[in-house]
Structure formats: C-alpha cells, structure tokens
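Breakdown of the fold
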Amino acid sequence: FLEEQRVISKAHHFYSLLGCMLPPQVVENYYKLCIDSPGSSMMNIAAVSMGELRPRCGVLFVAVCDFDVFVADQPARFVVRFLNRLFSTFDSACTEAGPG
C-alpha cells in the first residue's frame, strides 16, 4: 500500500512538472501509463517512455540562473530579444556540431 502511494505521489509530481512544459494530451498519456501499469512501482515510472524517434529533431530544456531577477525590470521586447539571441546561439552550436 505504501509503495503504491509513493508511486501515485511521484506520478502527480511528474504530472505537475511536465504540465508546465508539454501539451496536456502527452502529459495525460504519460500519467496514465505510470499509474495504470500492472503492479505499479517506481521502476514502472522510470521505464515508461513517451519518446518518439524523430530524425533531425531535439528538445532542449534550459534553466537560466536568476532569469526572473534578470528580466524583472526589463521591457517585454528586451526579454524576447534576449531569449531569441540565446536560442539562436544554441541553434548555431547544434548546426556547427552536426549530426551526432
């Protein structure tokens, strides 16, 4: 019983985190796979994969340290330009590195 509660708690945690980053239907499917799998355990959560092979595609999650402080007093135009330059730099680095 306690293990099942830990799994459900962990799945809720993942659900809330992923809900901020991914489309709702993807998050719902992931959550269902974690919870509805027979004999749900922490191992099941780690084993569930929602990934799909997509040639020449990648996903990059970035945490900019103190971003909220950095942009707090900046106009929206500045923030958008900053992020555009940042991600353009990532794009250029990926292009330079080439396929893997």
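As a reminder, the structure under discussion sits directly above these lines.
Scope of this entry: the structure provided in the associated data block.

Basis of the calculations
Residues numbered from 1 in each chain as written. Predicted model: local features only at pLDDT ≥ 70, side-chain atom pairs only at ≥ 80, totals over all residues. Heavy atoms only, no water. Phe/Tyr/Trp six-rings, centres within 6.5 Å; stacked < 30°, edge-to-face > 60°. Helix = DSSP H or I, 4+ residues; strand = E, 2+ residues; numbered from the N terminus. Buried < 20%, exposed > 50% of the residue type's maximum accessible area, 1.4 Å probe, protein only. Contact = heavy atoms within 4.5 Å. Patch = residues over 30% accessible without salt bridge, like charges linked within 9 Å, V, L, I, M, F, W, Y side chains within 5 Å. Areas by Shrake-Rupley, 256 points an atom, 1.4 Å probe, with all protein chains shown as cover. Salt bridge = Lys/Arg side-chain N within 4 Å of Asp/Glu carboxyl O.

Points about the packing of aromatic side chains
Applying the stated criterion across every chain, the model contains 4 aromatic pairs. In this structure an aromatic cluster arises from ring pairing among Phe67, Phe70, Phe78 and Phe82.

Notes on the environment of Val62
Here Val62 lies in the loop between helix H3 (42–47) and helix H4 (67–71). Assessed through its relative accessible area of 36%, Val62 is described here as partly exposed. Separated by 25 residues in sequence, Val62 and Phe87 have C-alpha atoms that sit 9.6 Å apart. Dropping the residues within four chain positions of it, Val62 is found in contact with Phe87 and Phe90.

What to know about a nonpolar patch on the surface
Among the surface-exposed residues, Leu17, Met21, Leu22, Val59 and Phe61 lie close enough to one another that they form a single nonpolar patch of about 490 Å² accessible area. Examined against the element boundaries, Val59 turns out to sit in the loop between H3 and H4. Assessed through its relative accessible area of 66%, Val59 is described here as exposed.

Focus on unusual backbone geometry
Excluding glycine, residues mostly have negative phi values, and the peptide bonds linking residues are mostly trans. Of note, the phi angle at Asp66 is positive, near 55°, even though the residue is not glycine. Considering the arrangement of structural elements, one finds Asp66 in the loop between H3 and H4. The exposure class of Asp66 is exposed, given its relative accessible area of 55%.

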